[in-house]
Amino acid sequence: MRLLLATLLLAFVVGIQAQWYMFPVEAAQGAGDMWHAYSDMKEANWKNSDKYFHARGNYDAAQRGPGGKWVAELISDARENWQGNSGRGHEDSAADQVANRWGQEGNDPNHFRPAGLPDKY
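Since this is a predicted model, take the numbers as computed values, not measurements.

Reading the values: the criteria
Residues numbered from 1 in each chain as written. Predicted model: local features only at pLDDT ≥ 70, side-chain atom pairs only at ≥ 80, totals over all residues. Heavy atoms only, no water. Helix = DSSP H or I, 4+ residues; strand = E, 2+ residues; numbered from the N terminus. Buried < 20%, exposed > 50% of the residue type's maximum accessible area, 1.4 Å probe, protein only. Contact = heavy atoms within 4.5 Å. Areas by Shrake-Rupley, 256 points an atom, 1.4 Å probe, with all protein chains shown as cover. Phe/Tyr/Trp six-rings, centres within 6.5 Å; stacked < 30°, edge-to-face > 60°. Expected span 1.5 Å × (residues − 1). Arc of directions from axis to C-beta. Patch = residues over 30% accessible without salt bridge, like charges linked within 9 Å, V, L, I, M, F, W, Y side chains within 5 Å. Salt bridge = Lys/Arg side-chain N within 4 Å of Asp/Glu carboxyl O.

Peer 1: Break down the overall build of the chain for me, with residues and values.
Peer 2: Of regular secondary structure, the chain possesses four helices and zero strands. Reading the secondary structure of the chain in the N-to-C direction produces α-α-α-α. With 121 residues in all, the chain has 34% of them scored as buried. The long-range share in the chain, meaning contacts at least 24 apart out of those at least 6 apart in sequence, stands at 70%. Per element, the accessible surface of the chain, about 8000 Å² overall, is 61% carbon and sulfur.

Peer 1: Provide a residue-level description of the side chain of Gln104, including the pertinent values.
Peer 2: Here Gln104 lies in helix α4 (residues 90-104). Owing to a relative accessible area of 5%, Gln104 belongs among the buried residues under this scheme. Look past the residues within four positions of Gln104 in its chain and what remains in contact with it is Asn58, Tyr59, Ala62, Lys69, Ala72, Glu73 and Ser76.

Peer 1: Could you give an account of the packing of aromatic side chains, with specific residues and numbers?
Peer 2: Inspection of every chain in the model, using the stated rule, returns five aromatic pairs. Judged by centre distance (5.9 Å) and plane angle (80°), the rings of Phe53 and Tyr121 are edge-to-face. Of this pair, Phe53 sits in helix α2 (residues 50-62) while Tyr121 sits in the segment after α4, placing them 68 residues apart in sequence. Residue Phe53 is classed as buried on the basis of its relative accessible area of 3%. Taking the relative accessible area as the measure of exposure, Tyr121 reaches 12% and is therefore buried. Look at Trp102 and Phe112: their rings are 5.8 Å apart centre to centre, the planes differ by 90°, and that puts the pair in the edge-to-face class. Taken as a pair, Trp102 in helix α4 and Phe112 in the segment after α4 lie far apart in primary sequence, ten residues in all. The class for Phe112 is buried, based on a relative accessible area of 19%.

Peer 1: Quick rundown of α4? Include the residues and the values.
Peer 2: The end-to-end C-alpha distance of α4, which contains 15 residues, comes to 21 Å, matching closely the 21 Å that a straight helix rising 1.5 Å per residue would cover. If you check which residues of α4 are buried, you get Ser93, Asp96, Gln97, Ala99, Asn100, Gly103 and Gln104. Relative to the axis of α4, the buried residues are bounded by an arc of 165° and lie together on one face. Exposed residues on α4 whose side chains face more than 90 degrees from its buried face are Glu91 and Val98. Phi for Gly106, located one or two positions after α4, is positive at around 85°.

Peer 1: Can you break down α2 residue by residue, with the values?
Peer 2: Along its 13 residues, α2 runs 18 Å from first to last C-alpha, staying within 8% of the 18 Å computed at 1.5 Å per residue. Most of α2 sits out of view: eleven of its 13 residues are buried.

Peer 1: Go over a nonpolar patch on the surface with me, naming the residues and quoting the values.
Peer 2: A surface patch of nonpolar side chains, amounting to about 300 Å² of accessible area, comprises Tyr21, Met22 and Val25. Inspection of the secondary structure assignment puts Met22 in helix α1 (residues 2-44). The class for Met22 is partly exposed, based on a relative accessible area of 33%.

Functional significance is not addressed by these values, which are geometric in nature.
This is the structure we're talking about:
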(Lines give C-alpha, C1' and ligand atoms only; values in the text may rest on other atoms or scores of the structure.)
Protein backbone atom coordinates (compact mmCIF):
# COMPACT_ATOMS: atom_id res chain seq x y z
CA MET A 1 0.00 0.00 0.00
CA ARG A 2 2.82 2.41 0.90
CA LEU A 3 4.59 1.63 -2.34
CA LEU A 4 1.43 2.39 -4.31
CA LEU A 5 0.91 5.66 -2.43
CA ALA A 6 4.56 6.66 -2.93
CA THR A 7 4.31 5.87 -6.66
CA LEU A 8 1.15 7.96 -7.04
CA LEU A 9 2.73 10.86 -5.14
CA LEU A 10 5.87 10.68 -7.27
CA ALA A 11 3.81 10.61 -10.48
CA PHE A 12 1.84 13.62 -9.26
CA VAL A 13 4.99 15.62 -8.40
CA VAL A 14 6.68 14.73 -11.68
CA GLY A 15 3.52 15.68 -13.59
CA ILE A 16 3.39 19.09 -11.94
CA GLN A 17 7.05 19.77 -12.60
CA ALA A 18 6.67 18.68 -16.22
CA GLN A 19 3.94 21.29 -16.66
CA TRP A 20 6.19 24.03 -15.24
CA TYR A 21 8.99 22.91 -17.50
CA MET A 22 6.73 23.34 -20.52
CA PHE A 23 5.42 26.79 -19.52
CA PRO A 24 8.19 28.80 -21.25
CA VAL A 25 8.00 26.58 -24.33
CA GLU A 26 4.23 27.08 -24.53
CA ALA A 27 4.70 30.82 -24.04
CA ALA A 28 7.24 31.04 -26.86
CA GLN A 29 5.02 29.00 -29.18
CA GLY A 30 2.00 31.09 -28.19
CA ALA A 31 3.89 34.29 -29.00
CA GLY A 32 4.62 32.77 -32.40
CA ASP A 33 0.91 32.04 -32.86
CA MET A 34 0.07 35.65 -32.02
CA TRP A 35 2.68 36.90 -34.51
CA HIS A 36 1.37 34.54 -37.21
CA ALA A 37 -2.19 35.82 -36.78
CA TYR A 38 -0.94 39.43 -36.91
CA SER A 39 1.05 38.71 -40.08
CA ASP A 40 -1.96 37.02 -41.67
CA MET A 41 -4.15 40.01 -40.77
CA LYS A 42 -1.71 42.40 -42.47
CA GLU A 43 -1.38 40.13 -45.50
CA ALA A 44 -5.13 39.60 -45.87
CA ASN A 45 -5.87 43.33 -45.56
CA TRP A 46 -9.56 42.36 -45.39
CA LYS A 47 -12.25 44.77 -44.28
CA ASN A 48 -13.77 43.97 -40.85
CA SER A 49 -11.38 41.06 -40.22
CA ASP A 50 -9.57 42.58 -37.22
CA LYS A 51 -11.68 40.83 -34.57
CA TYR A 52 -11.33 37.46 -36.31
CA PHE A 53 -7.54 37.65 -36.30
CA HIS A 54 -7.53 38.80 -32.67
CA ALA A 55 -9.68 35.82 -31.68
CA ARG A 56 -7.66 33.40 -33.82
CA GLY A 57 -4.27 34.47 -32.48
CA ASN A 58 -5.46 34.24 -28.90
CA TYR A 59 -7.20 30.92 -29.53
CA ASP A 60 -4.14 29.34 -31.16
CA ALA A 61 -1.85 30.58 -28.37
CA ALA A 62 -4.18 29.44 -25.58
CA GLN A 63 -4.40 25.96 -27.11
CA ARG A 64 -0.67 25.54 -26.37
CA GLY A 65 -1.38 25.35 -22.65
CA PRO A 66 -1.01 27.63 -19.62
CA GLY A 67 2.10 29.33 -21.01
CA GLY A 68 0.38 30.09 -24.30
CA LYS A 69 -2.70 31.47 -22.59
CA TRP A 70 -0.53 33.62 -20.33
CA VAL A 71 1.41 35.13 -23.22
CA ALA A 72 -1.81 35.70 -25.19
CA GLU A 73 -3.23 37.68 -22.27
CA LEU A 74 0.04 39.58 -21.81
CA ILE A 75 0.40 40.56 -25.49
CA SER A 76 -3.29 41.37 -25.93
CA ASP A 77 -3.48 43.51 -22.80
CA ALA A 78 -0.26 45.37 -23.66
CA ARG A 79 -1.44 46.09 -27.20
CA GLU A 80 -4.88 47.25 -26.16
CA ASN A 81 -3.50 49.39 -23.32
CA TRP A 82 -1.13 51.04 -25.76
CA GLN A 83 -3.90 51.57 -28.31
CA GLY A 84 -6.30 52.92 -25.70
CA ASN A 85 -3.72 55.33 -24.29
CA SER A 86 -2.57 56.53 -27.69
CA GLY A 87 -5.95 58.03 -28.52
CA ARG A 88 -6.65 55.52 -31.29
CA GLY A 89 -10.08 54.58 -30.09
CA HIS A 90 -11.13 53.28 -26.71
CA GLU A 91 -14.28 51.69 -28.17
CA ASP A 92 -12.32 49.74 -30.78
CA SER A 93 -9.86 48.61 -28.13
CA ALA A 94 -12.70 47.35 -25.92
CA ALA A 95 -14.19 45.43 -28.87
CA ASP A 96 -10.76 43.92 -29.59
CA GLN A 97 -10.56 42.74 -25.98
CA VAL A 98 -13.89 40.95 -26.37
CA ALA A 99 -12.44 39.04 -29.34
CA ASN A 100 -9.19 38.42 -27.43
CA ARG A 101 -11.00 36.92 -24.44
CA TRP A 102 -13.23 34.88 -26.76
CA GLY A 103 -10.18 33.17 -28.23
CA GLN A 104 -8.36 32.82 -24.91
CA GLU A 105 -11.35 30.98 -23.46
CA GLY A 106 -11.16 28.40 -26.26
CA ASN A 107 -14.18 29.60 -28.22
CA ASP A 108 -14.26 29.25 -32.01
CA PRO A 109 -12.60 32.28 -33.64
CA ASN A 110 -14.76 31.77 -36.73
CA HIS A 111 -17.52 33.49 -34.76
CA PHE A 112 -15.79 36.74 -35.83
CA ARG A 113 -14.85 35.61 -39.36
CA PRO A 114 -16.01 38.14 -41.96
CA ALA A 115 -17.90 36.98 -45.03
CA GLY A 116 -15.68 36.31 -48.01
CA LEU A 117 -12.37 36.06 -46.15
CA PRO A 118 -10.27 33.57 -48.15
CA ASP A 119 -10.04 30.03 -46.74
CA LYS A 120 -6.27 30.47 -46.48
CA TYR A 121 -6.92 32.35 -43.25
